[in-house]
Amino acid sequence: MNKSYIEKLNYEYIKYNLEEQERDNLISENNIENRDVKGYHGREILELLQNADDAYKKQLEISSIVKNENVSVLIEYKNSILTISNTGTTFDQDGVKAIVQGNNSPKGSSLIGNKGTGFRSVLNWANKVQIYSGDFNLEFSIDIASKEFEKIKDYPQIKKQLKKNKNLHIPMLSIGKDIEPIEKQYDTVIKLYIKQDSQKDDFNIEKQLNNIDENLCYFCHV
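Residues numbered from 1 in each chain as written. Predicted model: local features only at pLDDT ≥ 70, side-chain atom pairs only at ≥ 80, totals over all residues. Heavy atoms only, no water.

Draft legend 1. Representation of the nonpolar core within the structure. Membership of the largest hydrophobic core comes to 29 residues, with the highest contact counts inside it found for Leu82, Val96, Phe119, Val129, Ile131, Leu173 and Leu192. Those elements giving two or more residues to this core turn out to be helix 1 (5–18), helix 3 (44–62), strand 2 (81–86), helix 4 (93–101), strand 3 (126–133), strand 4 (136–141) and strand 6 (188–194). Core analysis: the next-biggest nonpolar cluster, separate from the first, contains twelve residues, Ile144, Ile152, Leu168 and Ile170 among them. (Core = buried A, V, L, I, M, F, W, Y, C linked by side-chain atoms within 4.5 Å. Buried < 20%, exposed > 50% of the residue type's maximum accessible area, 1.4 Å probe, protein only. Helix = DSSP H or I, 4+ residues; strand = E, 2+ residues; numbered from the N terminus.)

Draft legend 2. Fine view of the pairing of strand 6. The element strand 6 is largely enclosed, with a buried count of five among its seven residues. With six bridges joining them, strand 2 and strand 6 adopt antiparallel strand pairing. Within strand 6, the position partnered with threonine 83 by the bridge is lysine 191. (Pairing = 2+ DSSP bridges.)

Draft legend 3. Spatial organisation of the sheet that holds strand 4. An order of 1-2-6-3-4-5 is seen for the six strands of this open sheet, with the pairing classed as antiparallel. In this open sheet, the two edge strands, each paired with only one partner strand, are strand 1 (73–78) and strand 5 (177–178). As paired elements, strand 1 and strand 2 share six bridges and run antiparallel to each other. By the bridge assignment for strand 2, leucine 74 is matched with serine 85. Sheet strands in contact with helix 5 (residues 142–152) are strand 3, strand 4 and strand 5, and its direction is about 70° off that of strand 4. (Contact = heavy atoms within 4.5 Å. Axes fitted to C-alpha atoms, helices over the stretch in contact; angles between N-to-C directions.)

Draft legend 4. Spotlight on helix 2 (residues 25–40). Between its terminal C-alpha atoms helix 2 stretches 22 Å, which fits the 22 Å expected from 16 residues at 1.5 Å a residue. Among all positions in helix 2, only Asn25, Leu26, Ile27, Ser28, Glu29, Asn30, Glu33, Asp36, Val37 and Tyr40 are buried. With its phi angle positive at about 100°, glycine 42 sits one or two positions after the end of helix 2. (Expected span 1.5 Å × (residues − 1).)

Draft legend 5. Representation of the packing of helix 2 against helix 6 (residues 156–164). Contact pair helix 2 / helix 6: the axes reach a minimum separation of 8 Å and the direction vectors enclose 50°. Comparing their axes, helix 6 and helix 2 come out oblique. Contact residues: Asn25, Leu26 and Ile27 in helix 2; Ile158, Gln161 and Lys164 in helix 6. Of the residues contributing to the contact of helix 2 with helix 6, the split by class is three nonpolar, two polar and one charged. (Parallel < 35°, antiparallel > 145°, perpendicular 65-115°, else oblique. Nonpolar A, V, L, I, M, F, W, Y, C, P; charged D, E, K, R; others polar.)

This is how it looks when you write it as structure tokens:
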């Protein structure tokens, strides 16, 4: 049985981090994660909308025929789950790789987003993310990443870094798993399971939803 695409990415990720190297790669990843989380705080909703917009624009660039010309986006926040759904565009392998590898996004300079890092803004809010899109049904969570870290923490390359950073961890979006598909009316559905303690400041979900600027439409194609 062939490995799924996310399993292949997981394997490559772990293999690279266990190789002997001078650079403290996982520490560097932790630092980049912290930087991106802080840098995008207050822009979480905007970044998720821009991801849908970028995917739609990519579809326009690679095909002269657009399956669904009228693209719609639905945002729902209920029972501590934020759901962003859109028609017309789906994740491909490059899109999944951009999320997992962060700075290796296929996006060109004509697109709003920047190297996949914008999606990482969800780390401010979520302890679990589910993506249902095209051929992909994926889950990322703190629990998944923590269990994977437990498997590798005694390897020399990891132990060396743990001595320098006792809070060392695998970033949540670096390791994913396949999950069962759901019935959906939209081409892409992203579910964020929200940490309650993340909603106590002036940039919480409800405030961002209430403050979405209608001028955003001038910048988005969806």
